[in-house]
Amino acid sequence: MIDIKFIREHAEEVKANCVRRGFPIDLEGLLKLDADSRQLSQEAEALRAERNRLSKECAKDPSARDKVKQLKEVLSSKEEMLARIQNKIHQVVIRMPNMLAPDVPDGLDDSGNVELRKEGTIPTFDFKVRDHQELGELLGILDIPRGTKVAGAGFYYWKGKGAMLAQALYFWVQRILVERGFTMFMTPCVAKERTLFGTGYLPFFADQTYNLEGEDLALIGTSEQTLVGYHADDVLDGASLPLCYTAFTPCFRTEAGSYGKASRGIFRVHQFHKVEQIVFCKPEDSVKYHEMCLANEEYILQQLGIPYHVVNVCVGDLGAPGYKKYDIEAWFAGFGGYREVTSNTNLTSFQSRRLNIRYKDGDTRDYVHTISATAVTDRVLIAIMENFQQEDGTVVIPEVLRPLCGFDRISPAGK
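Residues numbered from 1 in each chain as written. Predicted model: local features only at pLDDT ≥ 70, side-chain atom pairs only at ≥ 80, totals over all residues. Heavy atoms only, no water.

### Considerations on the pattern of salt bridges
Right, so step 1: Per the stated rule, a full pass over the model turns up 21 salt bridges.
Right, so step 2: Linking Asp34 and Arg38 is a salt bridge whose minimum nitrogen-to-oxygen distance equals 3.4 Å. In this pair, Asp34 and Arg38 are both assigned in helix H3 (residues 27-55), four residues apart and thus about one turn of the helix distant.
Right, so step 3: On the accessibility criterion, Arg38 (38% relative accessible area) is partly exposed. (Salt bridge = Lys/Arg side-chain N within 4 Å of Asp/Glu carboxyl O. Helix = DSSP H or I, 4+ residues; strand = E, 2+ residues; numbered from the N terminus. Buried < 20%, exposed > 50% of the residue type's maximum accessible area, 1.4 Å probe, protein only.)

Laid out in C-alpha cells, this is it:
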C-alpha cells in the first residue's frame, strides 16, 4: 500500500506508475478527496479544541453548555463526513499497485522478462529423454492417478524413495538457510482474511485462494502469508533488523486457467511444498537483502548441479505488490527448456503498511521493508529427475543430498 502523503507529493510519478502497470485511476479525484480530508480534519480539530475550552467554562457560565452542545453536533457531522471520505481514499489506495524499481523492464507477460545471466551446463543425452511424469511412473516414486482419485486433479503422491528425496531436499535447504542466519518456523497452513489482505494476496490474487466455507480462513498459498503476518501490528527493534525467517509448508493454489504441455505432470498443481525466505529490514537495506535472497537461491541450485538462468521480471509479469522481482528458471531436460523454480520479490513497505509492521531505532520510527523469496519447491525435485536421468530411467542423486536420503540413485524395479 502506498502512503497517501507519498501520492500527494509525487503525484505525476504515481500517475505514470499506474499507467505503466495498467491500473486505471482518477488521481485528480483522489487528490481532491485527500485535500477535503485534510481540510475537514483541521476543522474537526479546531472544533474539538473550542469544545474543550468551553467545557471548562460551563461551571461558571451556564450559557456555555448550549454552545458546547451545538459544537458537539457540528463536530459529529464533520467526523462522519471525514470518515466517509477517508474510507473512499482507503478503498482506492488499497487497490493501487506498488511503485516500480527504475530497472524493471517493460513487457506484457513473461516473454518480456530480461535474462541477466546463465549458470551451469545444460545436459546432453544420446537417448530419448523422459519428462518427470514418465520417470516418476517408471520409478514408482510419483503417483498422480491416485492423487487424483483421492483429492482430485492437481494433487499427487510422492512415495518411497521419491518421498525420501523430497524430505532430504527440504531439510538440506532449511539447514543452509539456518546456517546463513535464518530462523526456522513451522507455521499454520491457514490464514485469516486480514493476513491475506495484508500480504497483498487479497484483492490481487483472490482467484488463486482456497477459502474455507463459513470461516474467516483460507488455505495458505505460501508461508510468506503466515511469516509476514506473524509481525502484524508489531513495532520491531531497529537494532534487531534484519529478521530472516524460513518455513517449510504445503501450499495451496487454485491455478485457475492452467492447461496444456506446461501443466503436464506436477509442475503446476493445486498443492505443492515450499521452503520460503522472508526478510524484515530497514528501508535502506531492502535492495541488499533482495540480492542476498537471490544469492541463496543460486547457491542451492549450484550445489545441486542444476543449470539455470536469472531473469529480471517485467512489468506485466510482476504482481501488484512487488517493487522488483527476480525469477530463477531452471533447465528441465524432459521439457526441453527453462522453467520457473523460484521467485524473489522486494515488496518495500507495501505489506508492512497494510499490516502495520513498523520498527523503532532511536528517534526513527518507520515501516519495515519485506522480502519474499522462494528457496525451493517440488519443481526443483522434478528438475533433478529430468536432468540427472539415465537411459534406463535411473535418476542419479546430487551428491549433497546423498547423506540425507541414504542412497545415490533411484532405479526402476529390478535394476
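### A word on the sheet that holds strand E13 (residues 358-361)
Right, so step 1: Across the sheet, three strands lie side by side as E7-E13-E14; this open sheet has mixed pairing. Every interior strand has two partners, whereas the edge strands, strand E7 (235-237) and strand E14 (364-367), have only one. The average undirected angle you get between the axes of adjacent strands in this sheet is 30 degrees.
Right, so step 2: Judged from the three bridges that link them, E7 and E13 form a sheet pairing that is parallel. Paired with Leu236 across the strands is Tyr359, a residue of E13. (Pairing = 2+ DSSP bridges. Axes fitted to C-alpha atoms, helices over the stretch in contact; angles between N-to-C directions.)

### Observations concerning the nonpolar core
Right, so step 1: By size, the foremost hydrophobic cluster in this structure holds 58 residues, and its most contacted members are Trp158, Leu169, Val173, Leu304, Ile306 and Val380.
Right, so step 2: Considering each element in turn, this core owes the most residues, nine residues, to helix H7 (residues 161-179).
Right, so step 3: Contacts of Val380, omitting those with residues within four sequence positions, involve Leu169, Leu301, Leu304, Ile306 and Val341.
Right, so step 4: In this structure, Val14, Ile89, Ile94 and Met99 belong to the second largest nonpolar core, which totals 16 residues. (Core = buried A, V, L, I, M, F, W, Y, C linked by side-chain atoms within 4.5 Å. Contact = heavy atoms within 4.5 Å.)

### Remarks on the pairing of E13
Right, so step 1: When E13 meets E14, the two strands line up antiparallel, connected through four bridges. Counterpart to Tyr359 in the pairing with E14 is Asp366.
Right, so step 2: Connecting E13 to the antiparallel partner E14 that follows it, the hairpin turn spans two residues, and Gly362 within it adopts a positive phi of roughly 65 degrees.

### With respect to the sheet that holds strand E10 (residues 308-312)
Right, so step 1: In spatial order, the strands read E1-E10-E11-E12-E15-E9-E8-E4; together these eight strands make up an open sheet with mixed pairing. Because the sheet does not close on itself, it has two edges, and the strands there are strand E1 (114-119) and strand E4 (183-185). Strand-to-strand, the axes of this sheet are offset by a mean angle of 25 degrees, without reference to chain direction.
Right, so step 2: As paired strands, strand E8 (residues 243-252) and strand E9 (residues 271-281) are joined by ten bridges and run antiparallel to one another. Directly across from Thr249, in E9, lies its bridge partner Lys274.
Right, so step 3: Relative to the sheet, helix H13 (residues 378-387) contacts E9, strand E11 (324-332), strand E12 (337-346) and strand E15 (369-377), its axis offset from that of E11 by approximately 30 degrees.

### Let's talk about helix H11 (residues 286-304)
Right, so step 1: Its 19 residues place the ends of H11 28 Å apart at the C-alpha level, agreeing with the 27 Å of an ideal helix rising 1.5 Å per residue.
Right, so step 2: Within the sequence span of H11, burial applies to Ser286, Tyr289, His290, Cys293, Leu294, Asn296, Glu297, Glu298, Ile300, Leu301 and Leu304.
Right, so step 3: Downstream of H11 by a residue or two, Gly305 has a phi angle that is positive, lying close to 80 degrees. (Expected span 1.5 Å × (residues − 1).)

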